[in-house]
Amino acid sequence: MDARDVIKIGMSAERILVVPPERTVGHFVAHMPMVFATPMMILEMEMTSGDAINKYLEPGWITVGTEVDIRHLAASPVGATIRTTSKVIAVERRVIRFAVEAFDGEHKIGDGRHARGLVNRASFAKRFGAK
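Here the structure is a predicted model, which means the values were calculated and not measured. (Residues numbered from 1 in each chain as written. Predicted model: local features only at pLDDT ≥ 70, side-chain atom pairs only at ≥ 80, totals over all residues. Heavy atoms only, no water.)

> How should a nonpolar patch on the surface be read in this particular structure?
Residues F28, V29 and M32 make up a contiguous nonpolar surface patch of roughly 280 Å² in combined accessible area. Mapped onto the secondary structure, F28 falls in helix α1 (residues 25–28). (Patch = residues over 30% accessible without salt bridge, like charges linked within 9 Å, V, L, I, M, F, W, Y side chains within 5 Å. Areas by Shrake-Rupley, 256 points an atom, 1.4 Å probe, with all protein chains shown as cover. Salt bridge = Lys/Arg side-chain N within 4 Å of Asp/Glu carboxyl O. Helix = DSSP H or I, 4+ residues; strand = E, 2+ residues; numbered from the N terminus.)

What follows is the structure in structure tokens.
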């Protein structure tokens, strides 16, 4: 499958998350604040990017995260409503690139770039299972 045949620049998605305690840095690291953890913000950005394109992929194909270049600009407490956006900015044969942002209300808390690689699920499972 060639991503250029089905994925177009400008495709986008948005997700909403109310920050639960288990998504905070304090949940993972003792004595740290109970604020939205950077890896959890990146996870939301990756999932939003997948949401933007998954329905266009041919059966048997998936994407996996391959690159992140993210800035976490501000802390958000438990209970904050986080809106994450992703937009396709480039499409190569097997790589899709995204601009991603995260907001706490109107305040931007993160931004950057993310890339996802196009993978045949059966081939990937066969290779992964062989190890």
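> Would you explain the sheet that holds strand β2 (residues 61–72) in this entry?
Across a sheet, strands are paired by hydrogen bonds formed along the backbone, either parallel or antiparallel in direction. Within the open sheet, the five strands sit side by side as β1-β3-β4-β5-β2. Their pairing is antiparallel. Looking along the sheet, the strands with just one partner apiece sit at the ends: β1 (12–18) and β2. Strand-to-strand twist of the sheet, defined as the mean angle between neighbouring strand axes without regard to direction, takes the value 25°. As paired elements, β2 and strand β5 (residues 107–120) share eleven bridges and run antiparallel to each other. Opposite I70, over in β5, you have G112 as the bridge partner. The strands touched by helix α3 (residues 121–129) within the sheet are β2 and β5, with β5 carrying the most contacts at an inclination of about 85°. (Pairing = 2+ DSSP bridges. Axes fitted to C-alpha atoms, helices over the stretch in contact; angles between N-to-C directions. Contact = heavy atoms within 4.5 Å.)

> I keep staring at the nonpolar core and nothing clicks. Help me out?
Soluble, globular proteins show a tendency: their nonpolar side chains are buried together. Core analysis: the biggest nonpolar cluster contains 27 residues, and I7, F36, I53 and V88 have the highest contact counts within it. With five residues, the single largest contributor to this core is helix α2 (residues 38–53). Sequence-distant contacts of V88, defined by excluding residues within four places in its chain, comprise I7, K8, I9, G10, M11, I53, I96, R97 and F98. (Core = buried A, V, L, I, M, F, W, Y, C linked by side-chain atoms within 4.5 Å. Buried < 20%, exposed > 50% of the residue type's maximum accessible area, 1.4 Å probe, protein only.)

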